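Here's the letter readout for the chains.
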Amino acid sequence: MECVFCKIVQGIMPATRVYEDDLVVAFEDANPAAPIHILIVPRAHYSTLNDIPDDDPLLAHLLTVARRVAEQNGIAQSGYRVLINVNRGGGQVVFHLHVHLVGGRSFGQRVIHAAVGMSIMMAKVANLFRGRS
Ligand code: AMP
Ligand code: ZN
């Protein structure tokens, strides 16, 4: 099993978990783009958003958990972003579907785009060095 997020879900690899239930696990991003940067991942392995069937309740559950974790972190009212990168052209680096929850600081639009972009770029470089791009 090569998938890093499957390893985190199964507890083989360490991560700072902030939420979990029967369907998903949420943990802190290793290269945070903001004070709060949490990844919400399904326990089941789906490579990308494209791979979940239309009628799978997991689709709605990922968003329900994103806003629940935002509430837990006290950023529901101040504001946050939820985003999913899909495939290489969409900036996806880890091919186990995940939702980014980013917030905890009042960024302007351009700044947060740059921060998330920079984080993704740094993760790509790190993965290249680790030999698993
Ligand atoms: P994406 O570009 O949407 O595939 O984002 C992948 C995210 O996973 C990046 O923000 C990375 O910082 C994060 N990441 C990669 N490996 C780990 C890890 N072992 N633990 C936590 N976050 C990770
Ligand atoms: Zn996986």
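The structure contained in this document is the topic of the report that follows. Since we're looking at a predicted model, the values are computed, not measured. (Residues numbered from 1 in each chain as written. Chains lettered and ligands numbered in written order. Predicted model: local features only at pLDDT ≥ 70, side-chain atom pairs only at ≥ 80, totals over all residues.)

1. With respect to the overall build of the chain
Stated formally: Counting from the N terminus, the helices are DSSP H or I runs at least four residues long and the strands are E runs at least two residues long. Whether a residue is buried, exposed or partly exposed follows from its count of other C-beta atoms within 10 Å of its own C-beta, namely 20 or more, 12 or fewer, or something in between, respectively; the C-beta atoms are built from the backbone. Contact between two residues is assigned when their C-beta atoms, built from the backbone, lie within 7 Å.
Helices and strands together make up the secondary structure of the chain, namely three helices and five strands. The order of helices and strands in the chain, counted from the N terminus, is α-β-β-β-α-β-β-α. For the chain, the residues scored as buried account for 24% of the 133 residues in total. Residue pairs in contact within the chain that sit at least 24 positions apart in sequence constitute 58% of those at least 6 positions apart.

2. Topic: unusual backbone geometry
Despite not being glycine, Asn87 has its phi angle at roughly 65°, a positive value. Note on placement: Asn87 falls in the loop between strand E4 (80-83) and strand E5 (99-103). Looking at Asn87, the number of C-beta atoms within 10 Å reads 12, which means it is exposed.

3. Things to note about the environment of Pro35
Within the secondary structure layout, Pro35 lies in the loop between strand E2 (24-28) and strand E3 (36-42). Sequence-wise, Pro35 and Val102 are 67 residues apart; in three dimensions their C-alpha atoms are separated by 8.0 Å. For Pro35, the contacting residues outside a window of four places in its chain are Gly104 and Arg105.

4. Digging into the nonpolar core
Which entries qualify depends on this criterion: Working definition: the nonpolar core is a set of buried Ala, Val, Leu, Ile, Met, Phe, Trp, Tyr and Cys residues, joined through C-beta atoms within 7 Å.
Counting 24 residues, the largest nonpolar core has Ala26, Ile38, Ile40, Val41, Ala66, Val69 and Leu101 as the members making the most contacts within it. Looking at this core, the elements that each hand over two or more residues are helix H1 (4-9), E2, E3, helix H2 (58-72) and E5. Other than its neighbours up to four places away in sequence, Leu101 contacts Ile38, Ile40, Ala66, Val69, Ala70, Tyr80 and Val82.

5. Re the pairing of strand E1 (residues 17-20)
Here is the rule we go by: A pair of strands is considered paired only if DSSP assigns at least 2 bridges between the two.
Where E1 lies against E2, three bridges are found, and the strand directions are antiparallel. Within the sheet, the bridge partner assigned to Tyr19 lies in E2 and is Ala26. Hairpin connection between E1 and E2: a loop of three residues separates the two successive antiparallel strands.

6. Let's talk about the sheet that holds E4
Where we set the bar: Angular values range over 0 to 180 degrees, each being the angle between N-to-C directions of two axes fitted as lines to C-alpha atoms, with helices fitted over their stretch in contact.
An order of E1-E2-E3-E5-E4 is seen for the five strands of this open sheet, with the pairing classed as antiparallel. Two strands lie at the open edges of the sheet, namely E1 and E4, each paired on one side alone. When the angles between neighbouring strand axes are averaged without regard to direction, this sheet yields 20°.

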